[in-house]
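Now for the letters of each chain:
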Amino acid sequence: MEEEVLDQVVTVLNRLVSWVAAGAMVFGGVVPYIPQYRDIRRTQNAEGFSTYVCLVLLVANILRILFRFGRYFETLLLWQSIIMITTMLIMLNLCTNVRMATELNTKRRSFIDFDWNYFWSWSHFLDYVQCVLAFTLVAAYITYVLLDSAVFVETLGFLAVFTEAMLGTPQLYCNYQNKSTEGMSIKMVLMWTSGDTFKTGYFLLTQAPVQFWICGLLQVFVDFTILFQVYYYSRYPQKPVSHTVSHTTSAKAL
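The following refers to the structure shown. From a predicted model like this one, the values you see are computed outputs, not experimental measurements. (Residues numbered from 1 in each chain as written. Predicted model: local features only at pLDDT ≥ 70, side-chain atom pairs only at ≥ 80, totals over all residues. Heavy atoms only, no water.)

Here's the deal with the packing of helix α3 (residues 52-70) against helix α4 (residues 75-102)
The cut-off we apply is this: Here, axes are lines fitted to C-alpha atoms. For helices the fit covers the stretch in contact, and angles between N-to-C directions go from 0 to 180 degrees. Put simply, DSSP marks the helices as runs of H or I at least four residues long and the strands as runs of E at least two long, and each gets a number from the N terminus on. The labels follow the angle: roughly parallel below 35 degrees, roughly antiparallel above 145, roughly perpendicular from 65 to 115, and oblique for the rest. Crossing handedness is read from the near helix: turned anticlockwise from the far helix by less than a right angle, it gives a left-handed crossing, and turned clockwise, a right-handed one. The contact definition used throughout considers only heavy atoms, calling two residues in contact when any of these lie within 4.5 Å. Residues are sorted three ways: Asp, Glu, Lys and Arg are charged, Ala, Val, Leu, Ile, Met, Phe, Trp, Tyr, Cys and Pro are nonpolar, and all the rest, Gly among them, are polar.
Axis separation between α3 and α4 bottoms out at 9 Å; the angle between their running directions is 150 degrees. Relative to α4, α3 is oriented roughly antiparallel. Between α3 and α4 lies a crossing of left-handed hand. Side by side, α3 and α4 meet where Val-53, Cys-54, Leu-57, Leu-58, Asn-61, Ile-62, Arg-64, Ile-65 and Arg-68 of the first sit next to Thr-75, Leu-77, Leu-78, Gln-80, Ser-81, Ile-82, Met-84, Ile-85, Met-88, Leu-89, Met-91 and Leu-92 of the second. Tallied by class, residues from the contact of α3 with α4 come to 15 nonpolar, four polar and two charged.

Some details on helix α5 (residues 125-146)
This is how the line gets drawn: For a helix, the expected span equals 1.5 Å multiplied by the residue count minus one.
The first and last C-alpha atoms of α5 sit 32 Å apart over 22 residues, in line with the 32 Å expected at 1.5 Å per residue. Elements that come into contact with the buried residues of α5 comprise α3, α4 and α6 (150-165).

A few points about the environment of Ile-112
Here Ile-112 shows up in the loop between α4 and α5. With 15 residues separating them along the chain, Ile-112 and Asp-127 place their C-alpha atoms 7.9 Å apart.

Thoughts on the side chain of Arg-99
This is how the line gets drawn: Whenever a nitrogen or oxygen atom comes within 3.5 Å of another N or O atom, the pair is scored as a polar contact, on the condition that within protein one atom can donate a hydrogen and the other can accept it, and that pairs from neighbouring residues in sequence are kept only if both atoms are in side chains.
Positionally, Arg-99 belongs in helix α4. Of the polar contacts made by the side chain of Arg-99, one reaches the side chain of Tyr-128; its length is 3.0 Å.

Concerning the packing of aromatic side chains
Condition: Two rings belonging to Phe, Tyr or Trp (six-membered ring only in the last case) form a pair when the distance between their centres is within 6.5 Å. Interplanar angles under 30 degrees mark stacking, angles over 60 mark edge-to-face geometry, and anything in between is tilted.
By the definition in use, this model includes 14 aromatic pairs. Between Phe-158 and Phe-162, the ring centres sit 5.4 Å apart and the planes meet at 15 degrees, which makes this aromatic pair stacked. Placement of the pair is Phe-158 and Phe-162 together in helix α6, with a separation of four residues, close to one helical turn. An aromatic cluster is defined as three or more aromatic residues linked by ring pairs; in this entry it consists of Phe-111, Phe-114, Trp-116, Phe-119, Trp-120, Trp-122 and Tyr-128.

The structure is reproduced here in structure tokens:
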């Protein structure tokens, strides 16, 4: 009798752990952006956050969804991608509104201008949506045509996870340009690091495609490099604390 009760308890605990792990996989990726979102809304300053982070995650998750048509992976990862895409669009909407509110005299730029100098530095949120939809349609068409090619499918999977592995590099470069991590949420980066470490371990334990866990390890390395920037620039300041960045410099950093 006691053994049956113990088995039931173990079964319940296993299910509970599985549910927690599943929830962490689906929603854990978006949690780091909550403090960054709140900081931007509170300060009405998006300078310290690189919107290229949003670009990287949008491309990575769109490609991951397309990869699933050629090679099946867990539904949890599919939902993770859908929720991440939604989150990045919300972040872009906020950053665009804040930037335009502080740059009233700046000439408006749009996606249909096709000006590479202002790529991903447009004036309205709708321009970003148009770009994302255009990329999705083109990528979906290419995937449909080449779906029977195993080489293409594996390459698509690699590009998806490798792009995501490069998530921190826009922020890394933005910090390097500014010679400061001011305006960047340290909580966000700490959550990136813990989340990416958990995610990589999950890939290894569930025997996910090799592309997933190799690029996961690369992502963890980039996270630790950004944390080193936080330490270095706080201990050895490279510039005054207050930012007085021109529009051109801000456009390049975002």
